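These are the residues of each chain, in order.
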Amino acid sequence: MGKTPSLEARPAAGARLGMKEARSLWDLDLLTLGREADLVRRRLNPENRVTYVVDRNINYTNTCISGCRFCAYYREPGSTEGFILDKRELAQKLDELKDHGGSGVLLQGGLNPDLPFAYYEDLVRQIKDSGLGVHGFSPPEIAFMSQRFELPIKEVIARLIDAGLSSIPGGGAEILADRVRGQISPRKCDSARWLEVMAAAHESGLKTSATMMFGHLETRAERLEHLFKIRDLQDRTRGFISFIPWTFQPGSTALGGEPLGAVEYLRTLAVSRLVLDNVPHLQVSWVTQGPKIAQVALKFGADDFGSTMLEENVVAATGVGFRLTREEIEALVQQAGYEPRVRDHRYQLL
Ligand code: SF4
């Protein structure tokens, strides 16, 4: 009779963790957790490469009715500091990205009640017509459009796909536990709605990422609740292509507090890799952790270095200012012992 693998060896051997076993992962020492997550990474992504995408984040508006307590970026409707991106400014940003060899745009914005639906369609069309991919509109934005324009979620997504949308970013998930959402973002969609939008996107043929912003009011148990919700939906739809956990940055936010340290980031990254056995890719967050911890994260289950982020405004608003060029990303990946490869937003190698 075969020997049953130990708890830590089970995910590496392809066995699925239940909630009780996942809870006990927190008891493992840091390096054991990292080693086991790395084994799962190698089972799912055996090639010795680390991917990244050349893109920029474009925020089309900072006006937002949600008022999330962790956000330093938004402005209330009517604020003199509010903006809406126009076609000319967008064209400049797209030209700049193309000059840098970019393949796509990560398009996100606040929940702005002054925008007509045609504005979103025109944005997507302009980016698509310029030859770039559109990775756009996180689930709270799509849920907001559905409510505001009284359209079913599937129809919002279908119209955006018609305009040229190619994939959806997994933002706005924060922690998919409504106790936490009620405290940090009470006016944003709840976890069931977030998952409903993702299910509709997957059923419409779009690939999406999923994120988790942690290190604020949530417990470790609620982080696991988040991971299991993602895993359960993925079992049904197979539409999540990557998972991106990152730590809350408290600077200039109403929530405030201290940022979570690198050790807890690495532990949570590794636990994510071990629980999410059905999500192909796991991304480091150099924007919040800096380049050195990002290199270490490649030994804790991650196989993707994220994006060059020619432009990033949301984390920058909290005062965290890490910036990396394409050359620096390649050097960091090589120094960590991997081959850097450029991909697009759908993780196709370029
Ligand atoms: S996180 Fe997004 S939804 Fe929340 S306040 Fe900021 S811009 Fe608005």
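Cut-offs and rules
- Residues numbered from 1 in each chain as written.
- Predicted model: local features only at pLDDT ≥ 70, side-chain atom pairs only at ≥ 80, totals over all residues.
- Heavy atoms only, no water.
- Helix = DSSP H or I, 4+ residues; strand = E, 2+ residues; numbered from the N terminus.
- Expected span 1.5 Å × (residues − 1).
- Buried < 20%, exposed > 50% of the residue type's maximum accessible area, 1.4 Å probe, protein only.
- Contact = heavy atoms within 4.5 Å.
- Near = heavy atom within 4 Å.
- Nonpolar A, V, L, I, M, F, W, Y, C, P; charged D, E, K, R; others polar.
- Axes fitted to C-alpha atoms, helices over the stretch in contact; angles between N-to-C directions.
- Pairing = 2+ DSSP bridges.
- Right-handed = clockwise from strand over helix to strand, strands pointing away.
- 1 Å grid on protein atoms, 1.4 Å probe; cavity = no way out; pocket = protein on both sides within 12 Å on 5 of 7 lines; lining within 4 Å.
- Points joined across faces, edges and corners; volume = space filled by probe spheres on them.
- Salt bridge = Lys/Arg side-chain N within 4 Å of Asp/Glu carboxyl O.
- Polar contact = N/O pair within 3.5 Å; in protein donor to acceptor, adjacent residues only side chain to side chain.

J.: Would you mind going over helix α9 (residues 220-237) with me for this structure?
T.: Residue pairs spaced three or four apart in an α-helix point in one direction, given the helix's 3.6 residues per turn. The terminal C-alpha atoms of α9 lie 26 Å apart, and with 18 residues this matches the ideal 26 Å at 1.5 Å per residue to within 8%. For α9, the full list of buried residues reads E222, R223, L224, H226, L227, F228, I230, R231, L233, Q234 and T237. In this structure, the buried residues of α9 make contact with α1 (19-25), α7 (178-184), α8 (191-203), β6 (207-214), β7 (240-247) and α10 (262-275). Just downstream of α9, R238 is the residue with a positive phi angle, here 60°.

J.: Help me out: how do you make sense of the site of the ligand in this one?
T.: The environment of the ligand is made up of C64, S66, G67, C68, F70, C71, Y74, G110 and K188. Classifying every residue of the shell around the ligand gives 5 nonpolar, 3 polar and 1 charged.

J.: Just checking my understanding: could you explain the packing of helix α4 (residues 117-129) against helix α6 (residues 153-163) for this structure?
T.: Angle between the axes and distance between the axes: these two values describe a pair of packed helices. Two elements in contact, α4 and α6, have axes whose closest approach is 8 Å; the angle formed by their N-to-C orientations is 35°. Taken together, the residues of α6 that come into contact with α4 (itself represented by F117, Y120, E121, V124, R125 and K128) are V156, R159, L160 and A163. Tallied by class, the residues present in the contact of α4 with α6 amount to 6 nonpolar, no polar and 4 charged.

J.: Any chance you could explain the pairing of β6 here in plain terms?
T.: Within a regular strand, side chains alternate between the sheet's two faces. The element β6 is extensively covered by neighbouring structure, given that 7 of its 8 residues are classed as buried. Strand direction decides the pairing type here: strand β5 (residues 167-168) and β6, joined by 2 bridges, are parallel. Within β6, the residue paired with S167 across the bridge is K207. Strand direction decides the pairing type here: β6 and β7, joined by 7 bridges, are parallel. Counted as the bridge partner of F214 is T247 from β7. Regarding the hand of the β-α-β motif, the stretch spanning β6, α9 and β7 is right-handed.

J.: I'm lost on the sheet that holds strand β1 (residues 49-53) in this one. Help?
T.: Across a sheet, strands are paired by hydrogen bonds formed along the backbone, either parallel or antiparallel in direction. Spatial strand order, β9-β1-β10: 3 strands in an open sheet with parallel pairing. Each edge of the sheet is formed by a strand with only one pairing partner; in this case those strands are β9 (304-307) and β10 (339-343). Strand-to-strand, the axes of this sheet are offset by a mean angle of 20°, without reference to chain direction. Each of β1, β9 and β10 touches helix α12 (residues 326-335); the most contacted strand, β10, lies at about 140° to it.

J.: Teacher, can you tell me more about the layout of surface pockets here?
T.: The method is simple in principle: a probe with the dimensions of a water molecule rolls over the atoms, and the space it marks as empty is what remains. Each pocket or cavity is described by its volume, and for the largest pocket that value is around 210 Å³. Forming the boundary of the largest pocket are 16 residues, of which G133, V134, S166, D344 and R346 lie nearest the centre. For the lining of the largest pocket, the per-class residue count stands at 4 nonpolar, 8 polar and 4 charged. By volume, the second largest pocket amounts to about 160 Å³. Lining the second largest pocket are I65, L111, P140, A143, F144, Q147, R187, K188, C189 and R193. Residue contributions to the lining of the second largest pocket peak at 4 residues, all from helix α5 (residues 139-148).

J.: For this particular structure, what's the right way to read the pattern of salt bridges?
T.: Side chains that carry opposite charge are capable of pairing whenever their charged atoms lie near each other. In the structure shown here, the tally under the stated rule is 20 salt bridges. Between E121 and R159 there is a salt bridge, and its shortest N-O distance comes to 3.3 Å. Taken as a pair, E121 in helix α4 and R159 in helix α6 lie far apart in primary sequence, 38 residues in all. Taking relative accessible area as the criterion, E121 reaches 13% and is therefore assigned buried. The shortest N-O distance in the salt bridge between E196 and R193 comes to 3.2 Å.

J.: Would you take a moment to explain the side chain of R343 for this structure?
T.: Tracing the chain through its elements places R343 in strand β10. Judged by relative accessible area, which is 2%, R343 ranks as buried. Looking at R343, its side chain comes within polar contact range of the side chain of Y347, at 3.2 Å. In this structure, R343 is in contact with T51, Y52, V53, V54, S103, Q283, D304, G306, Q348, L349 and L350, ignoring residues within four places of it in sequence.

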